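Reading the structure
If you want the building blocks of each chain, they are given just below.
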Amino acid sequence: MSDKLEFSLAELMIVAASEAWRGDGEVLASGIGVIPRLAASLAKLSYAPELLMTDSECLLVEEPIPLGPRGDHVPKYSGYMSFERVFECVWGGRRHAMIGPTQIDRWGQTNLSVVGDYHKPKAAILGVRGLPGNSINHINSFLVPNHSKRVFVEGEVDMVSGVGFNPARWEPGMKQDFMDIRRIVTDLCVMDFEGPDHAIRVRSLHPGVGFDEVQGKTGFPLLQAPGLGETPHPSAEQLAIIRRLDPHELRSAQLKGNPPGIRAAA
Amino acid sequence: MNKQMTAADVVARLRDGMTIGFGGWGPRRKPMAIVREILRSDLKDLTVVSYGGPDVGMLCAAGKVRKLIFGFATLDAIPLEPWYRKVRETGALELMELDEGMWQWGLRAAGMRVPFLPTRCGLATDVTRLNPELKTIRSPYDDGEVLLAMPALKLDAALVHVNVADRLGNTLILGGDPYFDHLVARAADACYVSAERVEERLALAPEQARFNTFERYLVKGVVHAPGGAHPTTCAPDYGWDMSHFKRYVASAAEEGGWQAYMDEFVSPGEAAYQAANGGIERMGALPLPVF
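This report concerns the structure included in the present document. It should be emphasised that the depicted structure is a prediction, and the values quoted were computed from it without experimental measurement. (Residues numbered from 1 in each chain as written. Chains lettered and ligands numbered in written order. Predicted model: local features only at pLDDT ≥ 70, side-chain atom pairs only at ≥ 80, totals over all residues. Heavy atoms only, no water.)

A word on the overall build of chain B. The helix and strand tally for chain B stands at twelve helices and twelve strands. For 291 residues, the compact-globule formula gives about 19 Å, and the C-alpha radius of gyration of chain B, at 19 Å, lands near that figure. The C-alpha extent of chain B, read off along each of the three principal axes, is 60 × 50 × 40 Å. Relative to its full complement of 291 residues, chain B shows a buried share of 61%. Pairs at least 24 residues apart make up 74% of the contacts formed inside chain B by residues separated by at least 6 positions. Of the accessible surface of chain B, which amounts to about 10900 Å², a share of 53% is contributed by carbon and sulfur atoms. One way to put it: in chain B the 32 positive side-chain charges average out to a point 3 Å from where the 36 negative ones average out. (Helix = DSSP H or I, 4+ residues; strand = E, 2+ residues; numbered from the N terminus. Rg over C-alpha atoms; globule rule 2.2 N^0.38 Å. Buried < 20%, exposed > 50% of the residue type's maximum accessible area, 1.4 Å probe, protein only. Contact = heavy atoms within 4.5 Å. Areas by Shrake-Rupley, 256 points an atom, 1.4 Å probe, with all protein chains shown as cover. Lys, Arg positive; Asp, Glu negative; His and termini not counted. Charge placed at Lys NZ, Arg CZ, Asp CG, Glu CD.)

If you want it as structure tokens, here you go:
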């Protein structure tokens, strides 16, 4: 195996998250935040060159752009993707976004608006942003850097910003077919929605993490996917790509203490 | 025809209780010189329609906002808009919190003079539960789909900052992304633009003329406001001012912080504002952020 290879938990998560885009075809891959953006870039550079990607502003690139100040690197552009075009893309369904919501519930509903009572919140976050439209129109995956009951809440999220599989929220005649929630990558595991009635399953556990720990830090019951195993370790090639894409090591600041990918024995 | 006026002239045309749309996006190309002029005025009870950045935060801090029609408020590199957050958490704001797409869809409806436009965005979320005035509609065709009827978001006034304008009201937005300023302008009874540079009359080559995103018949006033988007970006002219943002963010954590910010930056006027930010040369040379 790759036991001699040293890698961080963030790097393990980048590789795990990149798998979310496998098989999507020609869609706009929007990784919002350092880990999702590196994950989408890795996917495009390793097995999904057909993905579309931007420079994180309004231009399309065929060669993913390294994060942060670029030195001598001058990006080459292949097209245009203003916010107005992004909405056209979103509403047409040709996109797979990965974002980090503040809360996620058992139905895959997400919250980016407020924590606590809507009218007098404990914490105002960003607002619903594009979550209502993204979630009802195209594929979405989530990145959670701090797997806990604060994120994976017991009941519904405090403010349902992104739609999910909660039947109580859908009225007859509303089109649910375009909704597609794929993966949740956390600092403990990878999950999907492939259980009965889209129940959340743990697909793989990061090195040194047990199912009971994940369950204990989740506010609702989880299923174990058949053949539940360890999240694959990054390969040397994948690590080289990640390090080239992130020359300023922004990934090392994404998880508290930048822990190693393989936990030290307790 | 000469539509040039001052920021104070623009604010004199605004009234308490108006619904005002703001161009730009988050911390990008916001009409901040006119926002500062509103902060200096007695104007109140506004309904603010914005993809929110410090425009929303500052107007909230100053108690100018009765209702906010928005999808988010953020400084981007600093994710949480400090004054929006602080005022939002007091429960004092009336809200219409919308999906980003619904927001521009409502402006589009207003600009096209139709009562609503259909969309799926917002269905099955708390956006519709919390805003019972948002109605659904069933498709009259064979599919019978139930859609959200996004109502027209009509604006009394629109405030937009552009790179270049002329005295006739022609405008150029030179940054890579024109955002939705054209829709903000179309949705309003009166659009006022501030501009980095104001010319007597634009005389452009064809490739430059493509940077014009809405017609001058929408524009009722043109304000010459160099550095008028500061501390937000005004690509390609200048980037955001992170040191100013940090000072502004810190004000939300200080006792009397807003009054101190007003005293230091806003109340003394725009010339003093430029001096307090290192002068217009420094402001105009702030580097564009790299992502």
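Residue and element names in this part refer to chain B. Taking 1.5 Å of rise per residue, 13 residues should cover 18 Å, and helix α5 (residues 100-112) covers 19 Å from first to last C-alpha, within 8% of that figure. E100, G101, M102, W103, Q104, W105, G106, L107, A109 and A110 are the residues of α5 that are buried. Two or three places before G101, at the opening of α5, D99 has a side-chain oxygen 2.8 Å from that residue's backbone nitrogen. R113 occupies a position one or two residues after α5 and carries a positive phi of about 60°. (Expected span 1.5 Å × (residues − 1). Polar contact = N/O pair within 3.5 Å; in protein donor to acceptor, adjacent residues only side chain to side chain.)

As a rule of thumb, soluble globular proteins bury nonpolar side chains together. If you look at the biggest cluster of nonpolar residues, it comprises 133 residues, and the most contacted ones within it are I184 of chain A together with I38, L68, L98 and W258 of chain B. Counting residues per element, this core draws most heavily on strand β9 (residues 155-166) of chain B, at seven residues. Residues within four places of I184 of chain A in sequence aside, it is in contact with I104, F142, V144, F152, C189, V190, M191, F193 and I200 of chain A. In terms of nonpolar packing, the next biggest core, distinct from the first, is built from 33 residues, A20, W21, A29 and A39 of chain A among them. (Core = buried A, V, L, I, M, F, W, Y, C linked by side-chain atoms within 4.5 Å.)

All right, on to the sheet that holds strand β7 (residues 135-138) of chain B then. Residue and element names in this part refer to chain B. Pairing is antiparallel across the open sheet formed by three strands, whose spatial order is β6-β8-β7. The outermost strands of the open sheet, each flanked by one partner alone, are β6 (116-119) and β7. Averaged over all adjacent pairs, the angle separating strand axes in this sheet is 40°, with direction ignored. Against the sheet, α5 makes contact with β6 and β8 (146-151), and its axis sits at roughly 145° relative to β6, the strand it touches most. (Pairing = 2+ DSSP bridges. Axes fitted to C-alpha atoms, helices over the stretch in contact; angles between N-to-C directions.)

What follows concerns the interface of chain B and chain A. Every contact between the two is made by 49 residues of chain B and, on the other side, 49 residues of chain A. Of the roughly 3900 Å² buried between chain B and chain A on both sides combined, carbon and sulfur atoms contribute 57%. Contact with chain A buries area across many residues of chain B, yet R120, A124 and F291 of chain B alone supply 17% of it, more than any other trio. The interface formed by chain B and chain A contains three salt bridges. Residue D126 of chain B is joined to R169 of chain A by a salt bridge in which the shortest nitrogen-to-oxygen separation is 2.7 Å. Connecting chain B to chain A are 21 residue pairs in polar contact (both at pLDDT 80 or more). Of all the elements in the fold, those that place two or more residues in the side of chain B that touches chain A are β4 (65-73), α4 (82-90), β5 (94-97), α5, α6 (126-130) and β7 of chain B. Per element, the largest residue contribution to the side of chain B that touches chain A is six residues, and it comes from α5 of chain B. By residue class, the composition of the side of chain B that touches chain A is 23 nonpolar, twelve polar and 14 charged. (Buried area = accessible area lost by both parts, 1.4 Å probe. Salt bridge = Lys/Arg side-chain N within 4 Å of Asp/Glu carboxyl O. Nonpolar A, V, L, I, M, F, W, Y, C, P; charged D, E, K, R; others polar.)

Another point: the sheet that holds strand β14 (residues 223-230) of chain A. Residue and element names in this part refer to chain A. Taken in spatial order, the seven strands make up an open sheet running β1-β5-β10-β11-β12-β13-β14, and their pairing is mixed. Looking at strand neighbours, the two that pair on one side only are β1 (28-31) and β14, the edges of this open sheet. Shown here is a sheet whose adjacent strand axes are inclined to one another by a mean of 15°, direction ignored. Note: strand β10 (residues 139-144) against strand β11 (residues 180-186), five bridges, orientation parallel.

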